[in-house]
Amino acid sequence: GQQLNQSPQSMFIQEGEDVSMNCTSSSIFNTWLWYKQDPGEGPVLLIALYKAGELTSNGRLTAQFGITRKDSFLNISASIPSDVGIYFCAGALGQNFVFGPGTRLSVLP
Amino acid sequence: GAVVSQHPSWVICKSGTSVKIECRSLDFQATTMFWYRQFPKQSLMLMATSNEGSKATYEQGVEKDKFLINHASLTLSTLTVTSAHPEDSSFYICSAPGGLNSPLHFGNGTRLTVT
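No experiment lies behind these values; they were computed from the predicted model shown.

## What to know about the state of the cysteines
All names here are of chain B.
Reasoning step 1: A full pass over the atoms with the stated rule returns two disulfides over all chains.
Reasoning step 2: Covalently, Cys-23 is tied to Cys-94 through a disulfide, its sulfur atoms 2.0 Å apart. The sign of the S-S torsion, about 80°, decides the handedness of the disulfide formed by Cys-23 and Cys-94: right-handed. Within this pair, whereas Cys-23 is found in strand β3 (residues 19-25), its partner Cys-94 is found in strand β9 (residues 90-97), the two being separated by 71 residues in sequence.
Reasoning step 3: Classification of Cys-23 by relative accessible area gives buried; the value is 0%.

Okay, here's the thing in structure tokens:
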């Protein structure tokens, strides 16, 4: 079946640093989504991307829909302690949603 | 924005009993809802797709008689874990798309512990 590769698997950064993570697939998608999950809670939507090449920001977060429709990246600028969590990418084709394995982010004070 | 409510947020039950988890779309209608299971430090594993007015579609390896899904209305889907065993202990999360070509919105999950 379809699979997404997400990297890095985990990362430790200092507070204030910028973060970059990406998601790749062997299949094309019409939509790319980025979610953040805090411990014991459901994932929360951060950014939704609908067009190839689209670059969208949400506060300190910026994400891009790759031009090939097979990848996407998420950047977080000036990280803060509450950025800690697991970040999931998801590719969607119609009502078919495929999730990446997640990037676990730790922010050191 | 689209809100999905899941209840209960946690439940502890004894082996052999059944547990029902509810997933409601609060401000939109959902003909389709998805049920996921998540093990510690792992990604979301799709269990089944709940379809309003018809049978759920189960992923390979998921026992449909074990995990009963009912999508009785356009705003409610339920997952019943029947004859629960300790290995069923996990974090269960539901989600629903906010509309056609809309992203998935997730409930807050249910932590099931079977003793």
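On we go.
## Quick word on the interface of chain B and chain A
Reasoning step 1: In this assembly, 20 residues from chain B lie in contact with 17 residues from chain A.
Reasoning step 2: Between chain B and chain A, roughly 1500 Å² of surface is buried when both sides are summed, and carbon and sulfur atoms account for 58% of that area.
Reasoning step 3: Applying the counting criterion to the chain B and chain A interface returns zero salt bridges.
Reasoning step 4: One can count four residue pairs in polar contact (both at pLDDT 80 or more) joining chain B with chain A.

## Quick word on unusual backbone geometry
Excluding glycine, residues mostly have negative phi values, and the peptide bonds linking residues are mostly trans.
Reasoning step 1: Look at the link from A:Ser7 to A:Pro8: it is a cis peptide, with omega at -5°.
Reasoning step 2: Looking at the element boundaries, A:Pro8 is found in the loop between β1 (4-7) and β2 (10-14).
Reasoning step 3: Backbone torsion omega between B:His7 and B:Pro8 reads 0°, so that peptide bond is classified as cis.
Reasoning step 4: For B:Pro8, the position within the fold is in the loop between β1 (4-7) and β2 (10-13).
Reasoning step 5: Its identity as a non-glycine residue notwithstanding, A:Ala78 has a phi of 45°, on the positive side.
Reasoning step 6: Relative to the helices and strands, A:Ala78 is located in the loop between β8 (71-76) and β9 (85-93).
Reasoning step 7: We note that B:Lys41 has phi near 60°; this positive angle belongs to a residue other than glycine.
Reasoning step 8: In this structure, B:Lys41 sits in the loop between β4 (32-38) and β5 (44-51).

So, how was this worked out
Residues numbered from 1 in each chain as written. Chains lettered and ligands numbered in written order. Predicted model: local features only at pLDDT ≥ 70, side-chain atom pairs only at ≥ 80, totals over all residues. Heavy atoms only, no water. Disulfide = S-S within 2.5 Å. Helix = DSSP H or I, 4+ residues; strand = E, 2+ residues; numbered from the N terminus. Buried < 20%, exposed > 50% of the residue type's maximum accessible area, 1.4 Å probe, protein only. Contact = heavy atoms within 4.5 Å. Buried area = accessible area lost by both parts, 1.4 Å probe. Salt bridge = Lys/Arg side-chain N within 4 Å of Asp/Glu carboxyl O. Polar contact = N/O pair within 3.5 Å; in protein donor to acceptor, adjacent residues only side chain to side chain.

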